[in-house]
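Secondary and tertiary structure notes
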Amino acid sequence: MIFPDISPKQAMQYSYMCTRLKQTMDTMHRARKTLENIANTSFDKSLAKCVYLLASESLQCENEIRAQIDSLICANYDEDITADKKLPALYSMHGLDSICNYFEEVYLKSYRRLLSDKHLGSSIKSLVQNHLQLFISSLTQLRLFNDVKSAAN
């Protein structure tokens with residue numbers, strides 16, 4: 001069996017990447033649960049379906065980040081994460097505009113912060129860039145749905 005040697009600098013970098021990815025995954029998990037709660041309590045079935053779609057895509061991205069964490073062998077890293085545990089408040093549970101703003105505030109800003117981090121590897125940045133494009137597309141679809149729904153009324 002071959003055991004790779006990693007330098008202390010590489011170990012610090014892996015630990016840092018693990019922490020950053022874990023913070024992002026935790027934020028996404030809490031935001032996804034919020035979206036699922038909105039969909040569960042919505043009386044508008046079409047709105048609920050759109051929000052469930054966002055939550056489903058979020059879950060897929062969470063799973064991909066979790067796989068990246070596992071590939072970095074992050075199980076032994078320090079669990080004391082100092083990230084801000086507060087998510088932006090969602091004032092109107094019924095308004096699609098507020099859901100879009102919430103999604104943008106939580107997801108897009110989190111991913112853009114990751115992309116601007118100079119200490120993350122190119123493979124992680126590529127994954128983050130792909131997720132960001134997916135989320136931008138989802139947000140655009142949600143806003144278009146809102147425009148069509150408004151025009152129909």
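Here's a quick rundown of the structure.

Focus on the overall build of the chain
Scanning the chain from terminus to terminus reveals four helices and zero strands. Seen in sequence order, the chain has helices and strands lined up from the N terminus as α-α-α-α. For the chain, the residues scored as buried account for 39% of the 153 residues in total. When contacts within the chain are restricted to residue pairs at least 6 apart in sequence, those whose partners lie at least 24 apart make up 78%.

Remarks on the pattern of salt bridges
Scanning all chains against the criterion turns up seven salt bridges. A salt bridge links D26 to K22, with the shortest nitrogen-to-oxygen separation between them at 2.8 Å. One end of the pair, D26, and the other, K22, are both in helix α1 (residues 8-41), four residues apart, so they sit about a helical turn from each other. What makes D26 buried here is its relative accessible area of 16%. For R32, the salt bridge identified is with E36, shortest N-O distance 2.9 Å. Of the two residues, R32 and E36 both sit in helix α1, four residues apart, roughly one turn of that helix. Shared partners join several salt bridges into a network, and the residues in it are R32, K33, E36 and E62.

Observations regarding helix α2 (residues 45-71)
A turn of α-helix holds 3.6 residues, and therefore any two residues three or four places apart point the same way. Here α2 contains 27 residues, and its C-alpha end-to-end distance of 39 Å stays within 8% of the 39 Å for a straight helix at 1.5 Å per residue. At the exit of α2 stands I73, carrying a positive phi of roughly 55 degrees.

Comments concerning the state of the cysteines
Should the sulfur atoms of two cysteines be covalently bonded, the bond is a disulfide. Across all of its chains, the model carries zero disulfides by this definition. Looking at C50, it has no disulfide partner, and the nearest cysteine sulfur is the one in C100, 9.2 Å off. By relative accessible area, C50 is classed as buried at 18%.

Points about the packing of α2 against helix α3 (residues 96-116)
Put simply, α2 and α3 touch, their axes get as near as 12 Å, and they point 10 degrees apart. Compared by their axis directions, α2 and α3 come out roughly parallel. Contacts between α2 and α3 involve L47, V51, L54, S58, C61 and I65 from the former and L96, I99, F103, Y107 and Y111 from the latter.

Re the packing of aromatic side chains
Here the structure, examined in full by the defined rule, presents four aromatic pairs. Ring geometry for Y107 versus F135: centroids 4.9 Å apart, planes at 55 degrees, classification tilted. Separated by 28 residues along the polypeptide, Y107 in helix α3 and F135 in helix α4 (residues 122-152) bring together distant segments of the chain. The burial state of Y107 is the same as that of F135; both residues are buried. Aromatic pair Y111 and F135: ring centres 5.3 Å apart, planes at 75 degrees, arrangement edge-to-face. Separated by 24 residues along the polypeptide, Y111 in helix α3 and F135 in helix α4 bring together distant segments of the chain. Judged on exposure class, the residue Y111 and its partner F135 are both buried. One aromatic cluster is present, formed by F103, Y107, Y111 and F135 through successive ring pairs.

Definitions and cut-offs
- Residues numbered from 1 in each chain as written.
- Predicted model: local features only at pLDDT ≥ 70, side-chain atom pairs only at ≥ 80, totals over all residues.
- Heavy atoms only, no water.
- Helix = DSSP H or I, 4+ residues; strand = E, 2+ residues; numbered from the N terminus.
- Buried < 20%, exposed > 50% of the residue type's maximum accessible area, 1.4 Å probe, protein only.
- Contact = heavy atoms within 4.5 Å.
- Salt bridge = Lys/Arg side-chain N within 4 Å of Asp/Glu carboxyl O.
- Expected span 1.5 Å × (residues − 1).
- Disulfide = S-S within 2.5 Å.
- Axes fitted to C-alpha atoms, helices over the stretch in contact; angles between N-to-C directions.
- Parallel < 35°, antiparallel > 145°, perpendicular 65-115°, else oblique.
- Phe/Tyr/Trp six-rings, centres within 6.5 Å; stacked < 30°, edge-to-face > 60°.

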